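Spelled out, the chains give:
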Amino acid sequence: MAKIGIYYGSTTGTCEDIARRLAARLDGAEVINAADLSASNVAGFDVLLLGSSTWGAGDLQDDWYDACDTLRGLDLTGKCVALFCVGDADGYGDTFCGALAPLYEAEKDTGATLLGRVSTDGYSFSDSEGVADGQFLGLALDETNEPDKTDARLDAWIASLGL
């Protein structure tokens, strides 16, 4: 069984809540604040789930800035990485879940296999840096306006990861 580390950056607690809900669905997964991400603790996992809330104009949550610098310097060959993000599609429809983009940029050259892209179908937003080729770079969630869709989206995303 794959050992899963769920790293999150959360200011208001929403992304932390999502990380814990993911862990409850993934037996044995560990939940770790992005501020505590290090080469040594990443080394112990086969799968990394990286999540951030989105701030300002599609920006990462603050705990991720140093963590992304750490990620860029790692060789994650043989590991799988999947991204998740929370945002507000009504209030910030032009930057919805834009924090997926810097997370993707931090891990894309590490040698890891990226899993978990999600179609934009069923989402209502105008633009996002977190979209490429009609898909989110990971799971996008809107706990502000669509909390009733979160559980189904979590379950579908986990199933798509094949863990």
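Please refer to the structure higher up on the page.
Presented here is an overview of the structure given in this document. (Residues numbered from 1 in each chain as written. Predicted model: local features only at pLDDT ≥ 70, side-chain atom pairs only at ≥ 80, totals over all residues. Heavy atoms only, no water.)

### Things to note about the environment of valine 42
Then, in step 1: With respect to the helices and strands, valine 42 occurs in helix α2 (residues 39–43).
Then, in step 2: Setting aside residues no more than four positions away along its own chain, valine 42 makes contact with Tyr7, Leu37, Leu48, Leu74, Leu76 and Lys79. (Helix = DSSP H or I, 4+ residues; strand = E, 2+ residues; numbered from the N terminus. Contact = heavy atoms within 4.5 Å.)

### Considerations on unusual backbone geometry
Then, in step 1: Of note in the backbone geometry, cysteine 97 takes a positive phi value of approximately 50° without being a glycine.
Then, in step 2: Relative to the elements of secondary structure, cysteine 97 occurs in the loop between β4 (80–86) and α4 (100–107).
Then, in step 3: The exposure class assigned to cysteine 97 is buried, which follows from its relative accessible area of 0%.
Then, in step 4: Even without being a glycine, aspartate 133 presents a positive backbone phi close to 55°.
Then, in step 5: By relative accessible area, aspartate 133 is classed as exposed at 80%. (Buried < 20%, exposed > 50% of the residue type's maximum accessible area, 1.4 Å probe, protein only.)

### Thoughts on the pairing of strand β3 (residues 47–53)
Note on strand geometry: in a regular strand, side chains alternate between the two faces of the sheet.
Then, in step 1: Along β3, seven of the seven residues are buried, which leaves the element largely enclosed by surrounding structure.
Then, in step 2: Side chains Val47, Leu49, Gly51 and Ser53 project from β3 onto one buried face, and the interleaved Leu48, Leu50 and Ser52 project onto a second face that is buried too.
Then, in step 3: Sheet topology note: the strand β1 (residues 4–9)/β3 ladder contains six bridges and is parallel. Residue pairing for β3: isoleucine 4 is matched across the bridge by valine 47.
Then, in step 4: The parallel pair β3 and β4 is bridged by helix α3 (residues 64–72), and the resulting crossover is right-handed. (Pairing = 2+ DSSP bridges. Right-handed = clockwise from strand over helix to strand, strands pointing away.)

### Structural notes on the sheet that holds strand β6 (residues 118–119)
Strands in a sheet are paired, the pairing made by backbone hydrogen bonds, and the direction either parallel or antiparallel.
Then, in step 1: What the three strands build is an open sheet, ordered β6-β8-β7; its pairing is antiparallel. Two strands close off the open sheet at either side, each with one partner strand: β6 and β7 (131–132).
Then, in step 2: Here two bridges tie β7 to strand β8 (residues 135–136), and the two strands are oriented antiparallel to one another. Within the sheet, the bridge partner assigned to valine 131 lies in β8 and is phenylalanine 136.

### Concerning the side chain of serine 52
Then, in step 1: With respect to the secondary-structure elements, serine 52 resides in strand β3.
Then, in step 2: Within polar-contact distance, the side chain of serine 52 engages the backbone nitrogen of glutamine 61 at 3.1 Å.
Then, in step 3: Beyond its immediate stretch of four places on either side in the chain, serine 52 contacts Gly9, Cys15, Leu60, Gln61, Trp64, Phe84, Cys85, Val86, Ala99 and Leu103. (Polar contact = N/O pair within 3.5 Å; in protein donor to acceptor, adjacent residues only side chain to side chain.)

### Points about helix α1 (residues 14–25)
At 3.6 residues per turn, the α-helix brings residues three or four places apart onto the same side.
Then, in step 1: Over its 12 residues, α1 runs 17 Å from end to end, which matches the ideal 16 Å to within 8%, given 1.5 Å per residue.
Then, in step 2: Of all the residues in α1, the buried ones are Cys15, Ile18, Ala19, Arg21, Leu22 and Ala23.
Then, in step 3: Turning to α1, the residues buried within the fold contact β1, β2 (30–33), β3, β4, β9 (139–141) and α5 (150–161). (Expected span 1.5 Å × (residues − 1).)

### A closer look at the pairing of β2
Then, in step 1: As paired strands, β1 and β2 are joined by four bridges and run parallel to one another. Within β2, the residue paired with isoleucine 6 across the bridge is valine 31.
Then, in step 2: Between β1 and its parallel partner β2, the chain crosses via α1, and the hand of that crossover is right-handed.

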